[in-house]
Amino acid sequence: RFLDDYWELADLETFDVEHRGMIDAIVASRGRAFAGTFYSTFSGYINRMRGYYGMSKFTSFYSWNPVKYEMQKGPFFSNENKFEREYPVGWVGIDGDERITQDFEGDAPKNTNSLNAPTKKTQPDPPRPSKNSNTNEKEKMLGDENPSDGLKNLKLQDHGIKTLEETMISMQGFLPSEDENLEQSQDGSSMYIVFSTDCGKFQHWQSYLLFFSAMRIRQPGFITRIASGCTDAQKSEAIEWHEEHIAVLSKRFRIFFTPRFSDIKDENGKSTGSDYKYFNKPFGVRYYLEHSDDFNYVEKTGNLENEDDFVIIIDPDMLLLRPLTTDFSDGSSVKFWNPFAKAIERKKKVVHGTPFGQTYGFSHTWMKFIKEAGPNSPALKVDERTADLHYQVGPPYIATVRDMHKIAVRWSNLVPSVHRAFPQLLSEMYAYCLAAADLQLPHEVVDSMMISAADAYGEGWDFIDAIPDDDVCTTAVAPDYKKYPLPTVLHYCQTYGVSNVLFSKYKIPENIFTCEKPLLVEPADDAMSGENSFFINEIRKRVDLKPKYHKRHTFATCAMTSAVNEAALFYKMHHCKAPANKERTITLVKL
């Protein structure tokens, strides 16, 4: 871009010619990266302003190769009268009373573009310091764990500057050092978050959106898309897409390929010629656990490495609103499933023998298929009360690696027979419940991890209901779980709408994340006003909403349309050479 590109937009004709250099300096001072001229005082002042704004020195370069990384690895100050460059002493800690002699950002790798420097973990990280430690590296690096409000919520480092500048957080993706720190949780454990897909375009855009939402909320752990049944051509295309478009989000975001498992077989193991795509989930998870380098599974012994770490199974059509966790001890943001008058005492942390799951409203229906587990199965001893309290679960499923492998093995063994007995949707979920009961692995059942249908019970909708009307849409657009308790995921398996804005995953264009495709229309600022307490559904009929459901639909519609648009803008910024289409014109009601 050049000044001429903004001549009319910024009305630059009205500025004196002497002011144009100042405008140039201001723009360059806030760019996500800056390459200046050595010995230029103009470049020097831009670097000084970047320091004032708290931008990392690792985003500043010089165009002359011998000094390309001078701003990144050069001295903190000079005791001589030099003008070829600026020094961090001019902006680091200038508002404090202490004498500062270093910038604490370290040196950039030599001969490497530090914005994209690869990181390779050679040994496990030590446990992270406690939140009360004066050397809490995560707090120094990330500041406020919620990045949604951009620069204003970032905490200052001890020396008075922000390590990550605004564009790195909202649009650039992870810095390598931040990405590596997020490989482990604060207790030193790792989470392996997985979701199962095929190789079709429908789940392709959902995968991109899931990865993007994980980046946006700074989800710790490794996130893997398990893609099943890809042809060679599809696999090559998926690998190329992942390397070009997902790796820029995080090096911890992966793709793992498995054979096709969706073929329905009869009792003799012969193909029936029909498919049930959700077989890919139990079989795909098992295949991942037994073939991924993450666990080094030994078939003879059944042992896996990292068995004390955690596996979390989610669905591709889930938008993360806050980080997934294995610790549910925060009573203000966690609600457990307690369907009976007398509540039971729930365990609060995932450990061996104590998996967790989200409440799903199918009660103990899975017990209809209990005979599929065999005449001696421990599941036969489970009564309906226990089934309701500990086994009516769905994704997110959370367990230790050891427990999840046991479940995946039994789950994949049971799901074919359960599907024969109930050849419909949810058969794989019933099989999961049966596998857990057969293994005597009762789950702690959590209401607050998920929201889905606006009228569903046993979900985290109470949190949404408690948000003031004026903040519903803004909270959905920029989730701040420290201001208002929020569910962990929005499972957008339903249709949502407010006024003339509709969201349905089935109506999203498959090429939504491209340069030429426009953005979605989003709800108006007055979406929560009484006159907007309705939406137009897929068949263009008006659906009136009672106040509670008006708020829920508004939250979900604002969250989904804005998240899709934000992900699309990220894509356009990074991958479109020509001017990209940023018009908000796609109205799903018309599609």
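Residues numbered from 1 in each chain as written. Predicted model: local features only at pLDDT ≥ 70, side-chain atom pairs only at ≥ 80, totals over all residues. Heavy atoms only, no water.

Enquirer: Explain the overall build of the chain to me, please; I cannot follow it from the model alone.
Expert: What the chain contains, in helices and strands, is 15 helices and 20 strands. When burial is assessed residue by residue, the chain has 53% of its 591 residues classed as buried. Restricting to contacts in the chain with at least 6 residues of sequence separation, those with at least 24 account for 73%. A total of about 27,900 Å² of accessible surface is found on the chain, and carbon and sulfur atoms cover 49% of it. (Helix = DSSP H or I, 4+ residues; strand = E, 2+ residues; numbered from the N terminus. Buried < 20%, exposed > 50% of the residue type's maximum accessible area, 1.4 Å probe, protein only. Contact = heavy atoms within 4.5 Å. Areas by Shrake-Rupley, 256 points an atom, 1.4 Å probe, with all protein chains shown as cover.)

Enquirer: Any chance you could explain the sheet that holds strand E12 (residues 444–446) here in plain terms?
Expert: Strand pairing in a sheet relies on backbone hydrogen bonds, with the paired strands running either antiparallel or parallel. The strand order across the open sheet formed by 7 strands is E5-E4-E3-E8-E11-E10-E12, and the pairing between neighbours is mixed. The open sheet has two free edges, formed respectively by strand E5 (253–258) and E12, since each of these has just one partner strand. For this sheet, the mean angle separating the axes of adjacent strands, direction not counted, is 25°. Summarising the sheet, strand E10 (residues 356–359) and strand E11 (residues 393–400) pair through 4 bridges and their orientation is antiparallel. Directly across from Phe356, in E11, lies its bridge partner Ile398. Across the sheet, helix H11 (residues 401–421) lies against strand E8 (310–314) and E11, angled at about 130° from E11, the strand it touches most. (Pairing = 2+ DSSP bridges. Axes fitted to C-alpha atoms, helices over the stretch in contact; angles between N-to-C directions.)

Enquirer: Would you mind going over the pairing of strand E3 (residues 191–197) with me for this structure?
Expert: One face of the sheet, then the other: side chains in a regular strand alternate in exactly this way. Of all the 7 residues making up E3, 7 are buried; the element is thus mostly covered by neighbouring parts of the structure. Residues Met191, Ile193, Phe195 and Thr197 of E3 are buried on one face, and the alternating residues Tyr192, Val194 and Ser196, pointing to the opposite face, are buried as well. Both E3 and E8 contribute to a ladder of 5 bridges, which runs parallel. Bridged to Tyr192 within E8 is Val311. Sheet topology places E3 next to strand E4 (residues 222–228); 6 bridges connect them, and they run parallel. Paired with Ile193 across the two strands is Ile223, which belongs to E4. This β-α-β element, E3 to helix H7 (residues 201–216) to E4, shows right-handed connectivity. (Right-handed = clockwise from strand over helix to strand, strands pointing away.)

Enquirer: Got a minute to help me understand H7 in this structure?
Expert: For the α-helix, the turn length of 3.6 residues means that residues three or four positions removed from each other point alike. With 16 residues, H7 extends 23 Å between its outermost C-alpha atoms, agreeing within 8% with the 22 Å of an ideal straight helix rising 1.5 Å per residue. The buried fraction of H7 amounts to 13 of the 16 residues, a majority that puts the element mostly inside the structure. (Expected span 1.5 Å × (residues − 1).)

Enquirer: Just to check I follow, could you spell out a negative patch on the surface for this structure?
Expert: Taken together, the side chains of Glu237, Glu240, Glu243 and Glu244 present a region of like negative charge at the surface. Inspection of the secondary structure assignment puts Glu237 in helix H8 (residues 232–246). (Patch = residues over 30% accessible without salt bridge, like charges linked within 9 Å, V, L, I, M, F, W, Y side chains within 5 Å. Salt bridge = Lys/Arg side-chain N within 4 Å of Asp/Glu carboxyl O. Lys, Arg positive; Asp, Glu negative; His and termini not counted. Charge placed at Lys NZ, Arg CZ, Asp CG, Glu CD.)

Enquirer: In this structure, what is going on with the environment of Leu249? I would like to understand it.
Expert: In this fold, Leu249 is placed in the loop between H8 and E5. Taking the C-alpha atoms as reference points, Leu249 and Phe570, 321 residues apart in sequence, are found 9.6 Å from one another.

Enquirer: Looking at this structure, how should I read the packing of H7 against helix H15 (residues 547–575)?
Expert: When two helices pack together, you describe them by how their axes are tilted relative to each other and by the distance separating the axes. It is at 10 Å that the axes of H7 and H15 come closest, and there the two elements cross at 90°. As far as their axial angle goes, H15 and H7 are roughly perpendicular. Here H7 contributes Tyr208, Leu209, Phe212, Met215 and Arg216 to the contact with H15, which in turn contributes Met560, Ala563, Val564, Glu566, Ala567, Phe570 and Tyr571. When its residues are assigned to classes, the contact of H7 with H15 shows 10 nonpolar, no polar and 2 charged. (Parallel < 35°, antiparallel > 145°, perpendicular 65-115°, else oblique. Nonpolar A, V, L, I, M, F, W, Y, C, P; charged D, E, K, R; others polar.)

Enquirer: Just checking my understanding: could you explain the confidence of the model for the chain for this structure?
Expert: Should the pLDDT be low somewhere, the predicted coordinates at that spot are not to be read in detail. On average, residues of the chain score 85 in pLDDT, and 85% of them are at 70 or above. Under a pLDDT of 50 for its full length, residues 108–172 has, in the predicted model, 137 contacts with residues more than four places off or in other chains. (pLDDT = per-residue confidence, 0-100.)

Enquirer: When you look at the sheet that holds strand E13 (residues 450–451) in this model, what are you seeing that I'm missing?
Expert: Sheet architecture is open: 3 strands sit in the order E9-E14-E13, paired in mixed fashion. Either end of the sheet is taken by a strand with one partner, and the two such strands are strand E9 (318–320) and E13. Of the strand pairs in this sheet, E13 and strand E14 (residues 489–491) are connected by 2 bridges, and their pairing is parallel. What sits directly across from Met450, in E14, is Val489.

Enquirer: What should I look at first to understand the pattern of salt bridges in this one?
Expert: It is possible for side chains of opposite charge to pair when their charged atoms get near one another. Inspection of the entire model under this criterion finds 22 salt bridges. Linking Arg216 and Glu566 is a salt bridge whose minimum nitrogen-to-oxygen distance equals 3.0 Å. Of the two residues, Arg216 sits in helix H7 while Glu566 sits in helix H15, which places them 350 residues apart along the sequence. A relative accessible area of 23% places Glu566 in the partly exposed class. Measuring nitrogen to oxygen at the nearest pair gives 2.6 Å for the salt bridge that ties Asp317 to Lys505. Taken together, the positions of Asp317 in the loop between E8 and E9 and Lys505 in the loop between strand E16 (501–503) and strand E17 (519–520) put the pair 188 residues apart, joining distant regions of the chain. A relative accessible area of 8% places Lys505 in the buried class.

Enquirer: Explanation requested: the nonpolar core in the structure shown.
Expert: Soluble globular proteins tend to bury their nonpolar side chains together. Membership of the largest hydrophobic core comes to 123 residues, with the highest contact counts inside it found for Leu209, Trp366 and Phe513. Tallying contributions element by element places H15 first for this core, with 11 residues. Excluding its chain neighbours within four sequence positions, the residues that come into contact with Phe513 are Trp205, Tyr208, Leu209, Trp241, Val564, Ala567, Ala568 and Tyr571. In this structure, Tyr62, Val67, Met71 and Trp91 belong to the second largest nonpolar core, which totals 7 residues. (Core = buried A, V, L, I, M, F, W, Y, C linked by side-chain atoms within 4.5 Å.)

Enquirer: How should a nonpolar patch on the surface be read in this particular structure?
Expert: On the surface, Tyr39, Trp64 and Phe83 cluster together to form a nonpolar patch covering roughly 380 Å² of accessible area. Here Trp64 lies in the loop between strand E2 (60–62) and helix H3 (70–73). Assessed through its relative accessible area of 47%, Trp64 is described here as partly exposed.

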